[in-house]
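So you can see what is in the structure, the chains are spelled out below.
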Amino acid sequence: MSEAAQKPRMPDETGVPDPFPYMHPVMKKNYGQWDYHFRPRPGVLCHVAKSGDKIWTVRAGTQRQMDVFTIRKLCDLADKYCDGYLRFTTRSNIEFLLDKEENVEPLIEELNKEGFPVGGTGNSVSMVSHTQGWLHCDIPGTDASGVVKSLMDLMYEEFINEEMPNRVRITSSCCQINCGGQGDIAVNVQYTKPPRINHELVANVCERPAVVARCPVAAIRPALVNGKPSLEVDEKKCVCCGACYAPCPPMQINGKEETRIAVWVGGKHSNARSKPRFHKLVVAGLPNNPPRWPEVGEVVMKILRAYKENAKDWERIGDWIERIGWPRFFELIDVPFVKHHIDTWTYARLTHNHSTHIQY
Amino acid sequence: MANNDFKVHPTPKLDELEKGPWPSFVTGLKRLRDAGKRYSPMINDLLGQLEHSYEERLGFWKGGTITVVGYGGGVIPRFSEVADKFPASSEFHTLRIIPPAGYHYTTDIIRKMCDIWEEYGSGLIAFHGQSGDIMFQGCSSDNVQPAFDALNELGFDLGGAGPALRTSMNCVGHARCEMSCYDEIKAHRMIINEYLDEMHRPALPYKFKFKFSGCPNDCVNAIHRADFAVIGTWRDDMKVDQEKVKEYVEELGRDYIIEHVINMCPTRALKLNDDDTLAVDNKACVRCMHCLNVMNRALKPGDDKGAVILIGGKRTLKIGDLMGTVIKPFIKLETDEDFEALVEFAGEVIDFFAENALEHERIGETIDRIGLPAFLEAIGVDPDPNMVLHPRQVSFVRTDDFQAEMERMRAKKAAKKEAAE
């Protein structure tokens, strides 16, 4: 073997690629020089540059985890109508970029024919941003792809129309690390039992001090079990967060019945009107019920209906609840307020009502 | 290279996810299974394992260590725990690949990626993962290196994983948005590409994420999700085109504008005049974006643009969710020098994190542990009332140098003023 063949190829450390070679020429030409935009119809944006140039964006929903045949189908449409230019949003919607208005309607028609919903703009329910789940994650409690597919089927009309008071951004996470992020509505795994420990494996698989350090409530300590070094959990202290499971898989946090789903509301990233917010707990203990998770869908749709009927234009779900108050919100969605709704974590006192501000 | 020589696993539960109007990932997986390609048996077993997960309500992947030559991270290894039942997908690793900043693509480049992934991977690609990467999912251990080499030859690099600088993201911004207050792509690429070594050779206490939003609408969720958020804003007066304001009033009605624009201003900085023009108290305005969002033809950010830097956002583990804290209430982001100063400051913060954070501690948690004043002192940033909601309300603090600190800050302010003149 020659010396060159033996020498491994070293990577080109190119980092973040320059997007300009891939950017639509109208966007490149008017970079940083946009004037305003409007939405001719749900799923379509028209941006107007200071130069007078216009670009139309047709936004469509995808399944995010895409096979190459789906991707090539989308590319065919982009070649036919968009000179081959497209982009994706942070919520995995695909955006077709067109400089010819007359191509907008034929593109939409063809997208619909191929089964891609056009929408996700303005006051719609956009695609659920989500995590990997059983398809690929090493610690998942559920399958986000399946939960999201089931939810998006239910919220299809809300995606293709702009009939909500303001935009709705839903997230889903397969464990309590919450990689899906904060949302107007968040559908997240909530464990309900302390980890079941396989003491045979702990010493070989886990770096025990690191696992002890990982616990947010100091409930884990080293222990000798059946003569083997292992770990034990103070189950009275344990908050069932699953933090120990990732660095130590023998501390199994998931279970067929024990892994449950919780729904949270009122999170928001934007600074518009109110400051960014974290979502708050609505209901926990919903069954992790594949393949369609109907109990989760029911709660989410109930929240969406109450929001649509009761919120004022431009109020996000969190803004709306702040105005009407949590007691009224729980009434509207018919969920009883229970002790677990009251925060007990650090700074919990800041969440108490220290006033007579009460809505009757 | 037809490959149909396998027994198709029944997937009655997953089949349920082919129903309904939304595009189905299951249908997509079946297309790969039925394509008669090299990867088809792998996808068949993947579907088998996923169906098994749907039955058992448990995941069956475990991690491991897989890298490419020259790098220490960026590949997410997945080994099946039920490989005896599903051997063809026993290795199903993911390559995290950094997308073009702002997620701009041509079909040409995407088709080339598809071809590479058909040759070496599974044919399954996610645009994009929550980390911001293109997720090339489903690669055997042997194929990780050639798959990376091919993608790397195409001009793409491996993203971040583990305790490292992570792949970043920016909003569409300058490329297609009238609200954009700085060149997001420039800031994003300058910072990440300067500190790329921290991405490819994980040596930080834990992950470190940058995110870049062009305005306070924060479309990439930077305050919640980034250790270091750069969010565009402006310092001078917002721009008001009074004729266009009148058009909005005409179109939507006075009542609507008062209820949904004026009354929703968080600092009561707006007033609709009797002649349907808008009065703005720019000193009271907090640049929340609401009125600009509603009346985007009439209202615009000002000319004196730049960004706010917030540090310390992260998700739940370990001490609970944190949002970023304002550390720089305003930086100019116009000239090359402005951007270079941002890159330098980012480097100082990464250095602080590398030297002071505990193992598996995010920088927000470090700040929480040592206190914001200590963090500011360490990175050489002066305290500013914009960093907090209000001053301290508990008297338990040692203040014997309070007057001296006041003198020091006064002198600093005076020196700065003199330098500016």
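Conventions adopted
Residues numbered from 1 in each chain as written. Chains lettered and ligands numbered in written order. Predicted model: local features only at pLDDT ≥ 70, side-chain atom pairs only at ≥ 80, totals over all residues. Heavy atoms only, no water. Helix = DSSP H or I, 4+ residues; strand = E, 2+ residues; numbered from the N terminus. Buried < 20%, exposed > 50% of the residue type's maximum accessible area, 1.4 Å probe, protein only. Contact = heavy atoms within 4.5 Å. Areas by Shrake-Rupley, 256 points an atom, 1.4 Å probe, with all protein chains shown as cover. Lys, Arg positive; Asp, Glu negative; His and termini not counted. Charge placed at Lys NZ, Arg CZ, Asp CG, Glu CD. Pairing = 2+ DSSP bridges. Axes fitted to C-alpha atoms, helices over the stretch in contact; angles between N-to-C directions. Salt bridge = Lys/Arg side-chain N within 4 Å of Asp/Glu carboxyl O. Phe/Tyr/Trp six-rings, centres within 6.5 Å; stacked < 30°, edge-to-face > 60°. Lys NZ or Arg CZ within 6 Å of the ring centre and 35° of its normal. Disulfide = S-S within 2.5 Å. Domains from an automatic or database assignment. Patch = residues over 30% accessible without salt bridge, like charges linked within 9 Å, V, L, I, M, F, W, Y side chains within 5 Å. Arc of directions from axis to C-beta. Polar contact = N/O pair within 3.5 Å; in protein donor to acceptor, adjacent residues only side chain to side chain. Nonpolar A, V, L, I, M, F, W, Y, C, P; charged D, E, K, R; others polar. Core = buried A, V, L, I, M, F, W, Y, C linked by side-chain atoms within 4.5 Å.

### Details of the overall build of chain A
Stage number 1. What chain A contains, in helices and strands, is eleven helices and 15 strands.
Stage number 2. For chain A, the spread of C-alpha atoms along the principal axes amounts to about 85 × 75 × 35 Å.
Stage number 3. For chain A, the residues scored as buried account for 57% of the 360 residues in total.
Stage number 4. Across chain A, contacts joining residues at least 24 apart in sequence account for 63% of those joining residues at least 6 apart.
Stage number 5. With the model as given, the accessible surface of chain A reaches about 15,200 Å², and the carbon-plus-sulfur share is 52%.

### Quick word on the overall build of chain B
Stage number 1. Along chain B, the regular secondary structure elements total 15 helices and 16 strands.
Stage number 2. Overall size of chain B, expressed as C-alpha extent along the three principal axes, is 75 × 60 × 40 Å.
Stage number 3. Scored against the burial criterion, the 421 residues of chain B give a buried share of 57%.
Stage number 4. When contacts within chain B are restricted to residue pairs at least 6 apart in sequence, those whose partners lie at least 24 apart make up 66%.
Stage number 5. About 17,400 Å² of surface is accessible on chain B, with carbon and sulfur atoms providing 50% of the total.
Stage number 6. Separation between the mean location of the 51 positive side-chain charges and that of the 67 negative ones in chain B comes to 3 Å.

### Remarks on the pairing of strand 2 (residues 44-49) of chain A
Residues and elements named next belong to chain A.
Stage number 1. Judged by how many residues are buried, strand 2 sits mostly within the fold: six of six residues are covered.
Stage number 2. Residues Val44, Cys46 and Val48 point to one face of strand 2 and Leu45, His47 and Ala49 to the other, with burial holding for every one of them.
Stage number 3. Two elements, strand 1 (residues 34-41) and strand 2, share five bridges in a ladder whose sense is antiparallel. Among the inter-strand pairings, arginine 41 is bridged to a residue of strand 2, identified as valine 44.
Stage number 4. Here strand 2 pairs with strand 3 (residues 54-60) via five bridges, running antiparallel. What sits directly across from valine 48, in strand 3, is lysine 54.

### As for the sheet that holds strand 16 (residues 325-332) of chain B
Residue and element names in this part refer to chain B.
Stage number 1. If you walk across this open sheet you meet the five strands as 8-9-10-15-16, and the pairing is mixed. Strands at the two margins of the open sheet, each flanked by one partner only, are strand 8 (169-170) and strand 16.
Stage number 2. Both strand 8 and strand 9 (residues 210-213) contribute to a ladder of two bridges, which runs parallel. Looking across to strand 9, one finds that methionine 169 is bridged to lysine 211.
Stage number 3. Here helix 6 (residues 184-194) sits on the sheet and contacts strand 8 and strand 9; the angle it forms with strand 9, its principal contact strand, is near 165°.

### Quick notes on the pattern of salt bridges
Stage number 1. Inspection of every chain in the model, using the stated rule, returns 58 salt bridges over all chains.
Stage number 2. Measuring nitrogen to oxygen at the nearest pair gives 2.8 Å for the salt bridge that ties Arg9(A) to Glu153(B). Residue Arg9(A) is located in the loop between helix 1 (3-6) and helix 2 (25-29), and its partner Glu153(B) is located in helix 5 (residues 141-153); the two belong to separate chains.
Stage number 3. Measuring nitrogen to oxygen at the nearest pair gives 3.5 Å for the salt bridge that ties Glu251(B) to Arg297(B). Taken as a pair, Glu251(B) in helix 9 (residues 242-252) and Arg297(B) in the loop between helix 11 (290-294) and strand 14 (299-300) lie far apart in primary sequence, 46 residues in all.

### Concerning the packing of aromatic side chains
Stage number 1. One pass over the full model with this rule turns up 25 aromatic pairs over all chains.
Stage number 2. Through a chain of ring-to-ring contacts, three or more aromatic side chains come together here, namely Tyr307(A), Trp320(A), Trp326(A), Phe329(A), Phe330(A) and Phe337(A).
Stage number 3. Lying across the ring of Phe339(B), Lys186(B) places its NZ or CZ 4.7 Å from the centre.
Stage number 4. Over the face of the ring belonging to Phe345(B) we find Lys328(B), whose NZ or CZ atom lies 4.5 Å from the ring centre.

### Structural notes on helix 5 of chain B
In an α-helix there are 3.6 residues to a turn, and that puts residues three or four apart on one side.
Stage number 1. For helix 5 of chain B, the full list of buried residues reads Asn143(B), Val144(B), Gln145(B), Ala147(B), Phe148(B), Asp149(B), Ala150(B), Leu151(B) and Asn152(B).
Stage number 2. Gly155(B) occupies a position one or two residues after helix 5 of chain B and carries a positive phi of about 105°.

### Concerning the sheet that holds strand 6 (residues 94-98) of chain A
Stage number 1. One open sheet accounts for six strands, arranged 1(A)-2(A)-3(A)-6(A)-5(A)-5(B); its pairing is antiparallel. Unpaired on one side and paired on the other, strand 1 of chain A together with strand 5 (104-106) of chain B mark the two borders of the sheet. For this sheet the average axis-to-axis angle between neighbouring strands, irrespective of direction, equals 30°.
Stage number 2. The sheet contacts of helix 3 (residues 68-82) of chain A involve strand 5 (85-88) and strand 6 of chain A, and relative to strand 6 of chain A the element is tilted by about 20°.
Stage number 3. Across the sheet, helix 4 (residues 104-113) of chain A touches strand 1, strand 2, strand 3 and strand 6 of chain A, and the angle it forms with strand 3 of chain A is around 10°.

### Details of the state of the cysteines
Stage number 1. With the rule as written, the count across this model stands at one disulfide over all chains.
Stage number 2. Here Cys206(A) connects covalently by a disulfide to Cys248(A), the sulfurs 2.1 Å from one another. On the sign convention where negative is left-handed, the bridge of Cys206(A) and Cys248(A), at about 75° about the S-S bond, is right-handed. Remark: Cys248(A) occurs in the loop between strand 12 (228-233) and strand 13 (251-252) and Cys206(A) occurs in the loop between helix 7 (199-205) and helix 8 (208-214); sequence separation between them is 42 residues.
Stage number 3. Free of any disulfide, Cys46(A) has its nearest cysteine sulfur in Cys177(B), 14 Å distant.

### Brief notes about the domain arrangement of chain B
Stage number 1. Split by domain assignment, chain B resolves into domain 1 (1-159), domain 2 (169-234 + 307-420) and domain 3 (242-300).
Stage number 2. Computed over C-alpha atoms, the centres of domain 1 of chain B and domain 3 of chain B are 49 Å apart.

### A short note on a negative patch on the surface
Stage number 1. Judged by side-chain charge, Glu344(B), Glu348(B), Asp351(B) and Glu355(B) come together as a negatively charged surface patch.
Stage number 2. Structurally, Glu355(B) can be placed in helix 12 (residues 336-356).

### A word on helix 9 of chain B
Residues and elements named next belong to chain B.
Stage number 1. Every buried residue belonging to helix 9 is among Val245, Tyr248 and Val249, and all of these are buried. All buried residues of helix 9 fall inside an arc of 100° around its axis, so they share one side. In this structure, helix 9 carries Glu250 and Glu251 as exposed residues pointing more than 90 degrees from its buried face.
Stage number 2. Contacts made by the buried residues of helix 9 are with strand 11 (239-240), helix 10 (254-262), strand 12 (270-272), strand 13 (278-280), helix 11 and strand 14.
Stage number 3. Positive phi appears at glycine 253, one or two residues downstream of helix 9, with a value of about 95°.

### Here's the deal with the interface of chain A and chain B
Frequently, the measure chosen for interface size is the accessible area that the parts lose on association.
Stage number 1. On the chain B side, the residues contacting the 116 residues of chain A number 119 residues.
Stage number 2. Where chain A meets chain B, there are 13 salt bridges.
Stage number 3. Residues Asp138(A) and Arg78(B) are paired through a salt bridge, measuring 3.3 Å at the closest nitrogen-oxygen approach.
Stage number 4. Counting every contact that joins chain A to chain B gives 76 residue pairs in polar contact (both at pLDDT 80 or more).
Stage number 5. In terms of residue count, the dominant contributor to the side of chain A that touches chain B is helix 3 of chain A (nine residues).
Stage number 6. Residues of the side of chain A that touches chain B, tallied by class, amount to 52 nonpolar, 36 polar and 28 charged.
Stage number 7. Bridging between strand 4 (residues 65-67) of chain A and strand 6 (residues 124-127) of chain B involves three bridges; their strand directions are antiparallel. Within strand 6 of chain B, the residue paired with Gln65(A) across the bridge is Ala126(B).

### Regarding the side chain of Arg176(B)
Stage number 1. Residue position: Arg176(B) is located in the loop between strand 8 and helix 6.
Stage number 2. Reaching out from Arg176(B), the side chain makes a polar contact with the side chain of Glu95(A) at a distance of 2.8 Å.
Stage number 3. Apart from the residues within four sequence positions on either side, Arg176(B) is in contact with Met27(A), Trp34(A), Leu45(A), His47(A), Ile55(A), Thr57(A), Arg59(A), Arg87(A), Glu95(A) and Leu97(A).

### A short note on the nonpolar core
Side chains of a nonpolar character, in soluble globular proteins, are inclined to be buried together.
Stage number 1. Counting 122 residues, the largest nonpolar core has Phe96(A) and Leu95(B) as its most contacted members.
Stage number 2. For Leu95(B), the contacting residues outside a window of four places in its chain are Gly74(B), Trp117(B), Ile134(B), Met135(B), Phe136(B), Cys139(B), Val144(B), Ala147(B), Phe148(B), Leu151(B) and Leu158(B).
Stage number 3. Judged by nonpolar contacts, the second largest core, of 53 residues, contains Trp34(A), Ile55(A), Val230(B) and Ile327(B).

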